Amino acid sequence: MPEYRCVDPLWTRLNRLRRPRRCACLYHSSSSSKEIRETFLDFFAREHLHSRVPSSSVVPYGDSSLAFVNAGMNHIRVGGKHNDLDDVGRDGYHHTFFEMLGSWSFNDYFKKEACSMAWQLLTEVYRIPPKKIFITYFGGNESLGLPSDEECREIWLSLGVAADHILPFGMKDNFWEMGLVGPCGPCSEIHVNRAGLETGVARALVNQGSEDVVEIWNLVFMQYNRISNRILEKLPSHHIDTGMGLERLVAFLQNKKCNYETDLFLPLINAVHRISGGVPYQGCYDMVTVQGQRDWAYRLLADHSRMITVALADGAFPDNNHRLRRVMRQALVTSRKWFNQDASLLLELSNRVVEMMGGVYPELSRNLSNVHMLLRFEEDIFRDHLSKSGREWSGIINQFPELSALPVDQQPGLIAGLKQLEDWRSSSRSDKVPGSLAFKLYSTYGLQEDSMQLLAQLKGWNVDWPEFHRFMADERMNTKMQSAANSSHFQCGSINVAPTHWQCQDVYTRNSEGHYIFKPLDATVTALISHDGRLIDAATAGDKIAVIADKSCFYYEAGGQVSDTGRLLWPNGSAQVEEVRHVGDHIYHLVEVNEGNLRINQTVQMVLDNRLDTMANHTATHLLQAAIKNILKVTCQKSSHVTPTHFRFDFGLFQSEFTVEMISQAESSVRNWIRQCLAVDRLMLPLQQAVSLDGITLVPGESYPDTVSVIRIVQEESGKSEAISLEPCCGTHVRNTADLEEFAILSVKSAGIGSRSVRAVTRSIAKQSHRRAEDLQRELDLLEDAINRNPIELSQLKELDKSLKQFRDAINSEDLPVVVSKQLAVRLEKLESFIRQIAQETLARMMQRQVEVAISDAGPASFVIAYLSIPAEVLEIGRAKLSLIKATRHCPHKPILVLAWDEGCLIGRCTVPQEMITPDFDAEKWGNCVIALIGGKGSSPKGQDPRFNYNIRSRKLTNDVKESVEHQVLSLASDYAKRSL
């Protein structure tokens, strides 16, 4: 969302230098930032007839190595080699988010027109005095054979710029390139003398990092293409790309010493004071004083609230963007520490950001509720993180006090990263940390370079920084080959055969009945690779090899979809294709030769296995994501895995739960779309066009090619077409949702904090799942009818309990729709509870009868000993519990010892009325005399006097000794009571 770019169409060539209208945005005037921004846009769009283009997202979709967009100028900058984040708020110009104003021309006008319009806008519209402006141009580079851009210098002179205000600089300052290869060219920067210095003094400060003389606009002349580190070629057509930082421009035109004093930031600073109360902002930068530190906190929250609001509204998610998470957590900590506020302060600041910027960037207003939800969620998990890591972090600080400079709340992966280093050190015994490990700490745990440097120094280790920086460069340029060949036994060096022509999407048709027909593809073998990576001429039965052919209809694993399987057929021979991989320009078919000999130049017939089920499951993945997006509003895809039998879809959950009702709603939506027979189309679009489509679903952190395949599923309602799913995807799909036939969600599980994983099926497997669910529902209906009949005999109780246990096993299997499984589980729990209650009542009556018999048999004796004979199957019914407390209650006036067998142990309970306790006899003494014989332990119920109530439990005893133990215990307990009472 960083910019408005204005593009000059070819037919406006004659209109570009018309006289601009006067405006109120004068130098050192009271013009607002809104007026200054709008003046820029009107100047190009109205006065010079450029096309006004809405802003793009700050989330990059062409390079997974970037946390935020990086198109010429960084619109969001967090971290980096010199850790710019730590500088935010400590000076007047470092920010995490920049709003860029710019203009483009594609093969229309070039340097003269671009410089003329820039000079016209600055001096005639904004009325900046020419003496305040300094111009830089490219001074050439001998090693690359690039001459000085004298054309640019002459253009500026012809516009009236004084010669001593035009300066040459080298590649570092005045040659723009986005990476190691690609379009590039010289540039001309426009600097302004903010401090009113003498010309000679100001001239010496250009490009020196001074706050007195700063760059505000960069005009890039795209005229070269970098082929390699040393080779540049001229582009056949020339383009213009300019960018001007709004924050610096506004500060200069409003005559403010720093950006934070402009109306881009001051309303946010004032909002912090209004909400929190306390000491107001005073513009102090002295970090030694408390006021300077407090004012730094004001500035930091003003900056971070803009960045957080824009990033979250544009679809960035903190759980897969550690830089965004670090900014959010620093803002939360600062709010709490300096203003005693929780996330509510950031919520209110995000409202203020939308009020200030929503008119220009309408997506901010549309997505404000998403911003609030993600802020609250991040605060919750951050609070949990602090409570869990606080003690562990304190221990680390005690060991290394220097690490207190690296607060764990700002670098959430610091503890995990330190553990990773410790594990590496214990296994390697080396003192040099590999660059690959350092890169993992950066990419996985979010550790910045200075943090890793301090950790290594404290441990006495060295880090291979050159290797680390090579990994960083490879990641930024996306040049690391993440192909399966890197880990393949079939990896081969140079293969001098033609690239494989991939015809994956062109191998099937549909007959008049709508059935898919997958046509075999004839191909010629061009290379055979052995298991150990050697090029071979032939293979025989039993050999496992990689086959490369001139073309292939097999889908290789990509986009979360597994590769096809199938067969290669030739006269007198065949091979089973077990896996397919994409390596460079070739497709590797990993096969086992079944029969015959396979040679180079052999013509083979490629036959696919079961592609249709995989296609259906992949289309279902898109439908499920669309359904979940409709339910949750704020979510994102984490990963997916599509196979012929099922698919798994992991998504972000930024609220408390994904309920059964939500699961049911998602499943019902997909089943409804299947019944509607919606068309599934594949569109081939340029990436920039694709990402600008309304409703497009993109995966955060995913890297997309310049041309993408977009799968579109359209719903017709009231004569209007609406895309219910629009998603870039290279996978295989059916042509109509009806081809899915049926759909079922089989499980939803946690996949970590803020994530859920769904497993689902389509077609015959889904049909079978729903049929099984219907059968179980009918079966449970019958069980309910049987249980509701009264009364239930013991024999019936046993059978019903057995049936319920079998039913429990049936619904716990993962081949049922999870919604039905959970609904059946609720009904089953009620039946189990009812059976358990009946079993418990039956058991209680059984114990009561046996205790009453024992009391009767004891006659006038002063004590009672009752041995309960409870059949094991009774205890198994409904998991009934043997509670001897209830048994002893039937004898309140005499000492009673109740004994019974439970899970191989002899258990007992002694109760003695208070009036019958003597120095020689009480419940504890009576029980311990039994324990002395059988072994085990005894205790009184919690909070009760052991003299009155005492429980005993023997060690486990074998069945062959039970009868003798019973006899000995009964005899011993009886003798002890007779002697003691």
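The preceding data block contains the structure.
Residues numbered from 1 in each chain as written. Predicted model: local features only at pLDDT ≥ 70, side-chain atom pairs only at ≥ 80, totals over all residues. Heavy atoms only, no water.

*Asks:* Give me the sheet that holds strand β31 (residues 720-728): which residues, what numbers.
*Replies:* The strand order across the open sheet built from 3 strands is β29-β30-β31, with neighbouring strands paired in antiparallel fashion. Every other strand in the sheet has two partners, leaving β29 (680-686) and β31 as the edge strands with one partner each. With direction set aside, neighbouring strand axes in the sheet form an average angle of 35 degrees. Two elements, strand β30 (residues 707-717) and β31, share 8 bridges in a ladder whose sense is antiparallel. Each residue of the ladder has a partner; that of I711, found in β31, is E727. (Pairing = 2+ DSSP bridges. Helix = DSSP H or I, 4+ residues; strand = E, 2+ residues; numbered from the N terminus. Axes fitted to C-alpha atoms, helices over the stretch in contact; angles between N-to-C directions.)

*Asks:* Help me get a handle on the pairing of β30, residues and values and all.
*Replies:* Side chains on a regular strand alternate between the two faces of the sheet. Sheet topology note: the β29/β30 ladder contains 7 bridges and is antiparallel. Each bridged residue has a counterpart across the sheet, and for L683 the counterpart in β30 is V710. Connecting the antiparallel pair β30 and β31 is a turn made up of 2 residues, with S718 showing a positive phi of about 50 degrees.

*Asks:* Could you give an account of empty space enclosed by the protein, with specific residues and numbers?
*Replies:* Scanning the model with the defined rule gives 2 cavities of 30 Å³ or more in all. As a volume, the largest cavity reaches approximately 50 Å³. Lining the largest cavity are L421, V433, L441, M452, L455, A456, W461 and V463. Partitioned by chemical class, the residues of the lining of the largest cavity number 8 nonpolar, no polar and no charged. In this structure, the second largest cavity occupies an estimated 30 Å³ of space. Together, S305, I308, T309, L346, L349, S350 and L375 line the second largest cavity. Of all elements in the fold, only α8 (290-313) and α10 (343-357) reach the threshold of two or more residues within the lining of the second largest cavity. Considering only residue class, the lining of the second largest cavity consists of 4 nonpolar, 3 polar and no charged. (1 Å grid on protein atoms, 1.4 Å probe; cavity = no way out; pocket = protein on both sides within 12 Å on 5 of 7 lines; lining within 4 Å. Points joined across faces, edges and corners; volume = space filled by probe spheres on them. Nonpolar A, V, L, I, M, F, W, Y, C, P; charged D, E, K, R; others polar.)

*Asks:* Explain the pattern of salt bridges to me, using residue names and the numbers behind them.
*Replies:* The tally for this structure, following the rule as stated, stands at 38 salt bridges. A salt bridge links R325 to E378, with the shortest nitrogen-to-oxygen separation between them at 2.8 Å. Here R325 is found in helix α9 (residues 322-339), whereas its partner E378 is found in helix α12 (residues 368-399), with 53 residues between them in sequence. Take R325 and E378: they sit in the same class, and that class is buried. Where D922 meets K925, a salt bridge forms, and the shortest distance between an N and an O atom there is 3.2 Å. (Salt bridge = Lys/Arg side-chain N within 4 Å of Asp/Glu carboxyl O. Buried < 20%, exposed > 50% of the residue type's maximum accessible area, 1.4 Å probe, protein only.)

*Asks:* How would you summarise the packing of helix α1 (residues 33-47) against helix α6 (residues 246-253) if you had to cite specific residues and measurements?
*Replies:* At their nearest, the axes of α1 and α6 sit 10 Å apart, and the two run at 115 degrees to each other. Classified by chirality, the crossing of α6 by α1 is right-handed. Along its contact with α1, which presents S33, I36 and R37, the element α6 presents L246, L249, V250 and L253. Across the contact of α1 with α6, the residue classes tally to 5 nonpolar, 1 polar and 1 charged. (Left-handed = near helix turned anticlockwise from the far one by under 90°. Contact = heavy atoms within 4.5 Å.)

*Asks:* Lay out helix α13 (residues 414-428) in plain terms, naming residues and giving numbers.
*Replies:* Across its 15 residues, α13 extends 21 Å between first and last C-alpha, which sits within 8% of the 21 Å expected from 1.5 Å per residue. Listed in full, the buried residues belonging to α13 are L414, I415, G417, L418, L421 and W424. One or two residues past the end of α13 sits R429, with phi positive at roughly 60 degrees. (Expected span 1.5 Å × (residues − 1).)

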